[in-house]
Amino acid sequence: MTNLPMENLPAPSSKELAAAVPLSDFLDQATALSPAEREKIATQALLALEQNYANLPLKATRYAINPLQRLRLMIARMGMNGAATSEWQFHEEMIDLFNSLRDLHTRYTLPARFADAVAFLPFRVKHFVKDGELCYLVAPERQGPAPAPTDRFRPGVQITHWNGVPMERAVQRFAARMPGANPAARHARALDFFTIRVLAFTGPPDEEAVLIDYIDLDGDAATTKGRWLVPGAPAEPVQTEVAIEPERTMAMDIEARQLARLKASLFAPHTMQQQASGQQVVSAAGDFPIENEMAQMFEARVVNTPSGDFGYLRLRSFHPEVQPASRAIELFVNEFIRLLGLMPDSGVILDIRGNHGGYANAAELCLQALIPGRLDSEPMQLLSSPLNLRICRANTWMNPWIKSLEHAVETGAPFSAGVPLTDVADLDKVPHAYLGPLLLLTDARSYSAADIFAAGFQDHEIGTVIGVDKSTGAGGAAVWDWNTFLRILPSGQNPYQELPAQADLTIAFGRLLRVRANAGVAIEDFGVEADEVHPTTRDDVMHNSRDLLARAGRALGAGVRRTFDVELVGGGLRVTAAQVDRADVLTDGRPRLSADLGAAATIEVPGLDDARTLRVEGFAGGRLVAVRTFVRGQDGTLTPVTRYTP
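Everything quoted here is computed from the prediction, not taken from an experiment. (Residues numbered from 1 in each chain as written. Predicted model: local features only at pLDDT ≥ 70, side-chain atom pairs only at ≥ 80, totals over all residues. Heavy atoms only, no water.)

According to the stated counting rule, one finds 29 salt bridges in the structure shown. We note a salt bridge from Arg338 to Glu335, for which the minimum N-O separation is 2.8 Å. Of this pair, Arg338 and Glu335 both sit in helix α12 (residues 325–341), three residues apart, roughly one helical turn. A salt bridge links Asp428 to Arg374; the shortest N-O distance between them is 2.8 Å. Of the two residues, Asp428 sits in the loop between α16 (424–427) and β20 (438–442) while Arg374 sits in the loop between α13 (360–368) and β18 (379–382), which places them 54 residues apart along the sequence. The class of Arg374 is partly exposed, set by a relative accessible area of 45%. Within the structure, one salt-bridge network assembled from shared partners comprises Lys59, Arg62, Glu524 and Asp525. (Salt bridge = Lys/Arg side-chain N within 4 Å of Asp/Glu carboxyl O. Helix = DSSP H or I, 4+ residues; strand = E, 2+ residues; numbered from the N terminus. Buried < 20%, exposed > 50% of the residue type's maximum accessible area, 1.4 Å probe, protein only.)

What follows is about the side chain of Arg514. Here Arg514 lies in the loop between β23 (504–512) and β24 (532–533). Among the residues examined, Arg514 registers a relative accessible area of 6% and is labelled buried. Within polar-contact distance, the side chain of Arg514 engages the side chain of Asp459 at 2.6 Å. (Polar contact = N/O pair within 3.5 Å; in protein donor to acceptor, adjacent residues only side chain to side chain.)

Attention shifts here to the packing of helix α2 (residues 35–51) against helix α4 (residues 67–78). Two numbers describe how α2 lies on α4: the axes approach to 10 Å, and their chain directions differ by 160 degrees. For the element pair α2 / α4, the angle class is roughly antiparallel. Viewed along their axes, α2 and α4 form a crossing whose handedness is left-handed. Where α2 abuts α4, its residues Arg38, Glu39, Ala42, Thr43, Ala45, Leu46, Leu49 and Glu50 lie against Pro67, Leu68, Leu71, Arg72, Ile75 and Met78. By residue class, the composition of the contact of α2 with α4 is nine nonpolar, one polar and four charged. (Axes fitted to C-alpha atoms, helices over the stretch in contact; angles between N-to-C directions. Parallel < 35°, antiparallel > 145°, perpendicular 65-115°, else oblique. Left-handed = near helix turned anticlockwise from the far one by under 90°. Contact = heavy atoms within 4.5 Å. Nonpolar A, V, L, I, M, F, W, Y, C, P; charged D, E, K, R; others polar.)

What follows concerns the sheet that holds β24. Across a sheet, paired strands are connected by hydrogen bonds in the backbone, their directions being either parallel or antiparallel. The strand order across the open sheet formed by six strands is β14-β15-β16-β20-β21-β24, and the pairing between neighbours is mixed. Single-partner strands in this sheet number two, and they are β14 (298–305) and β24. Relative to strand β21 (residues 464–467), β20 is paired through four bridges, and the arrangement is parallel. What sits directly across from Thr442, in β21, is Gly467. On the sheet, helix α17 (residues 449–459) packs against β16 (348–351), β20 and β21 and is oriented at approximately 145 degrees with respect to β20. Sheet strands touched by helix α20 (residues 546–557): β14, β15 (308–315), β16, β20, β21 and β24. Its angle to β20, the strand with the most contacts, is close to 155 degrees. (Pairing = 2+ DSSP bridges.)

So this is what it looks like as structure tokens:
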């Protein structure tokens, strides 16, 4: 390999990264923590893991680890004479300890100097499977500039070695350091972060530069060299802090959220520029416009496959950066409903690959829009501890956990009872938005709220789940950051203390369980297994998931297309239906009548003129398949419910 032609990757020329500096220069500017400050961080981490960390019993058993004792030893050694630890040794120990939990919700974040910093190489790496072997190449972008800046090293070239190590082995070694809950999740995460490192969570790369051996598009071997760079003043600063409102369940991989924002800045600046204009955003030609505040959340279009045309709706995140959380959830759910209304009735491919999570309530409310009956919300349990009991007593919204925690503290039960994530009253306000066949695409990067979405999709038998990996990322918890802990108890009664130098801890505060046929099964570490697995092909990487979408189209092509339109006509209803054979009518929650349907039917409804609410349920073969709801407005007329209004 030493005689291959050599080239150097130039620094990217985008305006927001013009101030990038070499990694070594950045590290020289890093500030230091005193020994007392390090001890404070470790002591607070011990408190939170012991008293609040919902997954502690699972992780200690599954991975044969004892993080509490490890922290106690760290604290004890800090106080020993002659046992001084350097700052970097402390950070590395903390990162390794939290990574050993294999929990992307429960993380240690380095101090402020690193909180806004990333180290990057100006390209992305993806894998595909050929003859059962993993291969790695430089990935293209769907729209925007090529991510690699030389004539030879460009999208489509296959990487063979990384710093002299065979590429598959290099990825495996990096994956072994990742906190993912299963091998597929760690491999997927390693690829995500292979050329972009969020320093607040990982610390800096070991090397200052890399040598990359590759096969170019003409089949010739070559070598390139790239230096890790740290942007000096990115246009969209990478912020580790997330505004968490504990009443709205946050279920998110915060590190992956930062990565997604950075990727948008590096590789899709056009979408950020469109969003800054305040107008609707179109991420690529042929896409449906997305409402401005939701521009980074969705991607929607019609895809052509050998089996026909189908709707395609990608959910990139469940965390719109809108405040307050209640408004963010309302906007998100209504944009989801609006986009479903633009889709053909032939079927919709829902894609949550790479979705790092967000508001769990938003995920469940979107699921509610896909089914005619009421969703079974996933229950959340808390770790049984005296401090958690105090927290529940001090916060009205957490009162439902009090009684079971009181019993658990006395009986030794490890957890409280499970309390549903989403209120029934909120679920009942979501209209049934799509009647055609549905299919879900997942991968090992689908995490947290995306895990919850996939679990609900499968548990409620909404459609087939096709995964490019065997299971999702397996994050089944609600996460709190340190700011949440600092304000969760009244002043003077709160044992949590502000961390030095704006370091941060995030903790999985509540564990989530599945429902229906999988009732009681934990999502954490197990995830949602795909009904079918589609290994990624080279065509998938180079041509926007072409083979995967073709497979999804074949599955949707066998689905049932339904119609269930309801109009008010005088004192009755006109129902136009296909693949729906019966309608049941309820006014103000009271059953009024049941009618068999043909292609169209007019139904007289007693008491309709006085009804405040009207619900028309459509059945096929005795199974509820469609619902239409009307509510009497201030003008005195019954109007259809087409939006979610909290």
